Amino acid sequence: DIWAMKEVLMTILLITSTFSFFQENDELLFAKGETFVEALSDENLYILSNYGKNKIDIEYANATIKSYTINALKYFDELIEKHPNSENFFMAKFHKGNLECDLKNNKTAKENLIWVVNADDKRSAYKNKSYRILAWIEIEEENWNSDSESNINKTDKFVIDSIG
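Structural notes on the pattern of salt bridges
Scanning all chains against the criterion turns up eight salt bridges. Residue K96 is joined to E100 by a salt bridge in which the shortest nitrogen-to-oxygen separation is 2.8 Å. Of this pair, K96 and E100 both sit in helix 4 (residues 89-102), four residues apart, which is roughly one turn of the helix. A single burial state applies to K96 and to E100, both of which are buried. The network of salt bridges with common partners includes D77, K96 and E100.

Here's the deal with the packing of helix 4 against helix 6 (residues 124-140)
Helix 6 packs onto helix 4 with a crossing angle of 25 degrees between their chain directions and a minimal axis gap of 11 Å. With respect to each other, helix 4 and helix 6 are oriented roughly parallel. The crossing of helix 4 and helix 6 is left-handed. Taking contact as the criterion, the partners of F90, M91, F94, N98 and C101 in helix 4 are, on helix 6, Y126, K127, K129, S130, I133, W136 and I137.

A few points about the nonpolar core
A general trend in soluble globular proteins is that nonpolar side chains are found buried together. Among the nonpolar cores identified, the biggest contains 25 residues, and F76, F94, L99, L113, I133 and I137 are the most heavily contacted of them. Looking at this core, the elements with two or more residues in it are helix 2 (26-50), helix 3 (58-82), helix 4, helix 5 (106-118) and helix 6. Once residues within four sequence positions are removed from consideration, F76 is found in contact with F30, G33, E34, V37, A92, H95 and L99.

Quick notes on the rules
- Residues numbered from 1 in each chain as written.
- Predicted model: local features only at pLDDT ≥ 70, side-chain atom pairs only at ≥ 80, totals over all residues.
- Heavy atoms only, no water.
- Salt bridge = Lys/Arg side-chain N within 4 Å of Asp/Glu carboxyl O.
- Helix = DSSP H or I, 4+ residues; strand = E, 2+ residues; numbered from the N terminus.
- Buried < 20%, exposed > 50% of the residue type's maximum accessible area, 1.4 Å probe, protein only.
- Axes fitted to C-alpha atoms, helices over the stretch in contact; angles between N-to-C directions.
- Parallel < 35°, antiparallel > 145°, perpendicular 65-115°, else oblique.
- Left-handed = near helix turned anticlockwise from the far one by under 90°.
- Contact = heavy atoms within 4.5 Å.
- Core = buried A, V, L, I, M, F, W, Y, C linked by side-chain atoms within 4.5 Å.

This is the structure:
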């Protein structure tokens, strides 16, 4: 019967539109991740500015920082997984690498930062930062070698490229 068919069609349309309404686009995911990255900067500045002046609860501050980091990663991970052709993909990979390094997830950090430095992208400042983080990871893992030295030397090239 035609009315039953219309009801089924309307139900499908309603379900589809509701699903697409709740599905977040890449710009929104990126903005949410960036909000947590900015909050991390604010929290770190607060800790540094108050360190030694009065007693701040370091455990609480560290838990807050970890929470912000994990929340930012949630949004960047979703963007990377669901929107590989996004204009924000490069920056999401950079942030993921940087944040994973903060959490001491060095293997994942390296994978993302190596992707950034090898990407066909002109944003040399982020490639420069990626090389520095990669070098830091090598120092932290006591794995310094000629490749590590090469990463530091490449940062000089990116600094010169971005200035000149």
